[in-house]
Amino acid sequence: MPAPSAYPDGFRRTVARVAALNLGYFGIEATVALLIGSVALLADSIDFLEDASVNLLIWAAVGWSAANRARVGHVLALLLLVPTIAALWMAWRKILDPVAPAALPLSLAGAGALVVNVACALMLARFRAGGGSLIRGAYLSARNDAIANVAIIVAGIVTATVWRSAWPDVIVGLGIAALNADAAREVWQAARAEAREARA
């Protein structure tokens with residue numbers, strides 16, 4: 001894990017911009033999700049809020065000691081589980097009331113989210129080689145979200161053209177949950193490695 005001074009000068013400004021973008025799109029996507037009743041969009045919108053929180057924590061913790069950064073890394077790993085739990089809850093509700101969401105708003109909201117997340121991933125990609133749970137957590141969040149957004153767009157297309165059902169939306173929502181659970185595992189492992197290094 002690099003020392004605080006080893007972080008590139010632009011890293012802190014970058015995570016602040018990423019946090020602002022995530023917070024802004026959370027409001028947009030959550031509104032669309034509630035209007036059309038989409039599991040995938042609601043899970044993804046909560047993920048935007050979680051990503052904003054993650055990046056704000058990273059922004060605050062960059063100058064901290066290795067031991068404190070490891071503690072924040074563990075917190076970030078737990079935060080990554082928030083959208084997982086939300087997606088499982090929404091999926092259960094949708095299974096009980098399997099009404100397909102409106103396909104066009106689903107795909108359009110997913111496309112907007114994809115633009116935001118690709119922009120965030122590109123901003124963070126140049127820092128990911130620096131290692132550590134903070135940088136890794138920020139990059140994995142943006143990367144995983146971009147992958148999830150492609151799946152949301154596909155779910156909207158499938159719902160509109162092939163399978164007029166709630167299941168494409170539910171399946172994508174559960175996929176988002178699995179993706180975030182795996183990211184949480186990776187960040188937790190990186191934080192444990194940092195904690196061991198700090199004690200050495």
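What counts, and where the lines are drawn
- Residues numbered from 1 in each chain as written.
- Predicted model: local features only at pLDDT ≥ 70, side-chain atom pairs only at ≥ 80, totals over all residues.
- Heavy atoms only, no water.
- Axes fitted to C-alpha atoms, helices over the stretch in contact; angles between N-to-C directions.
- Helix = DSSP H or I, 4+ residues; strand = E, 2+ residues; numbered from the N terminus.
- Parallel < 35°, antiparallel > 145°, perpendicular 65-115°, else oblique.
- Contact = heavy atoms within 4.5 Å.
- Nonpolar A, V, L, I, M, F, W, Y, C, P; charged D, E, K, R; others polar.
- pLDDT = per-residue confidence, 0-100.
- Buried < 20%, exposed > 50% of the residue type's maximum accessible area, 1.4 Å probe, protein only.
- Lys, Arg positive; Asp, Glu negative; His and termini not counted.
- Salt bridge = Lys/Arg side-chain N within 4 Å of Asp/Glu carboxyl O.
- Polar contact = N/O pair within 3.5 Å; in protein donor to acceptor, adjacent residues only side chain to side chain.
- Phe/Tyr/Trp six-rings, centres within 6.5 Å; stacked < 30°, edge-to-face > 60°.
- Lys NZ or Arg CZ within 6 Å of the ring centre and 35° of its normal.
- Left-handed = near helix turned anticlockwise from the far one by under 90°.

Visitor: Can you lay out the packing of helix α2 (residues 39–61) against helix α7 (residues 167–199) for me, pointing to particular residues and giving the numbers?
Guide: Here α2 crosses α7 at 30°, and the two axes come no closer than 7 Å. Classed by the angle they form, the pair α2 and α7 counts as roughly parallel. Counted together, Val-39, Ala-40, Leu-41, Asp-44, Asp-47 and Glu-50 of α2 and Asp-169, Val-170, Val-172, Gly-173, Ile-176 and Asn-180 of α7 form the full contact between these two elements. Residue classes in the contact of α2 with α7 are distributed as six nonpolar, two polar and four charged.

Visitor: Talk me through the confidence of the model for the protein chain; I want residue IDs and the actual numbers.
Guide: Confidence in the prediction of the protein chain, expressed as mean pLDDT, is 83, and 92% of residues score 70 or more. Mean pLDDT across the elements of the protein chain bottoms out in helix α3 (residues 66–79) (78) and peaks in helix α5 (residues 103–125) (92). Here residues 1–5 scores under 50 on pLDDT; set against residues more than four positions off or in separate chains, the count is 16 contacts.

Visitor: Explain the side chain of Lys-94 residue by residue, including any values.
Guide: Tracing the sequence through the fold places Lys-94 in helix α4 (residues 82–96). The side chain of Lys-94 sits in the buried core without any salt bridge; Asp-169 is the nearest counter-charge, 5.0 Å away. At 2.5 Å, the side chain of Lys-94 forms a polar contact with the backbone oxygen of Gly-37. Looking at Lys-94, its side chain comes within polar contact range of the main-chain oxygen of Val-99, at 2.8 Å. In this view, Lys-94 contacts Gly-37, Val-39, Val-99, Ala-166, Asp-169 and Val-170; residues no more than four positions away in its chain are not counted.

Visitor: Would you mind going over the environment of Val-118 in detail, with residue names and values included?
Guide: As for its position among the elements, Val-118 is in helix α5. For Val-118, a relative accessible area of 36% corresponds to the partly exposed category. In the structure, Val-118 is positioned 27 residues away from Asp-145 in sequence and 8.4 Å away in space, judged by C-alpha atoms.

Visitor: Outline the packing of aromatic side chains, supporting the account with residue identities and numerical values.
Guide: For the structure on display, the rule yields one aromatic pair. Arranged with centres 5.2 Å apart and planes meeting at 55°, the rings of Tyr-25 and Phe-48 form a pair that is tilted. Residue Tyr-25 is found in helix α1 (residues 9–36), and its partner Phe-48 is found in helix α2; the two are separated by 23 residues along the sequence. With respect to burial, Tyr-25 and Phe-48 carry one shared label: buried. In this arrangement the basic side chain of Arg-12 is found over the ring face of Trp-59, its NZ or CZ atom lying 4.0 Å from the centre.

Visitor: Can you break down the environment of Ala-87 residue by residue, with the values?
Guide: Mapped onto the elements, Ala-87 comes out in helix α4. According to the relative accessible area criterion, Ala-87 is buried, its value standing at 0%. Separated by 25 residues in sequence, Ala-87 and Val-62 place their C-alpha atoms 30 Å apart. If near-sequence neighbours (up to four positions away) are discounted, Ala-87 is found in contact with Val-39, Ala-43, Gly-173 and Ala-177.

Visitor: Can you lay out the side chain of Asp-47 for me, pointing to particular residues and giving the numbers?
Guide: Turning to its location among the elements, Asp-47 is positioned in helix α2. At 11 Å, Arg-143 is the nearest oppositely charged side chain to Asp-47, a buried residue that forms no salt bridge. When near neighbours in sequence (up to four residues on either side) are disregarded, Asp-47 contacts Pro-83, Asp-145 and Asn-180.

Visitor: So what about the environment of Ala-193? Which residues, and what values?
Guide: By the element assignment, Ala-193 lies in helix α7. The exposure class assigned to Ala-193 is partly exposed, which follows from its relative accessible area of 33%.

Visitor: Please provide a residue-by-residue account of the packing of α2 against α5, values included.
Guide: Two numbers describe a pair of packed helices, the interaxial angle and the distance between the axes. Where α2 contacts α5, the axes come no closer than 11 Å and their chain directions differ by 25°. Relative to α5, the element α2 is oriented roughly parallel. Where α2 crosses over α5, the handedness of that crossing is left-handed. Contacts from Leu-41, Asp-44, Phe-48 and Asn-55 of α2 reach α5 at Pro-105, Leu-106, Ala-109, Gly-110, Ala-113, Val-116, Asn-117 and Leu-124. Looking at side-chain class alone, the contact of α2 with α5 contains eight nonpolar, three polar and one charged residues.

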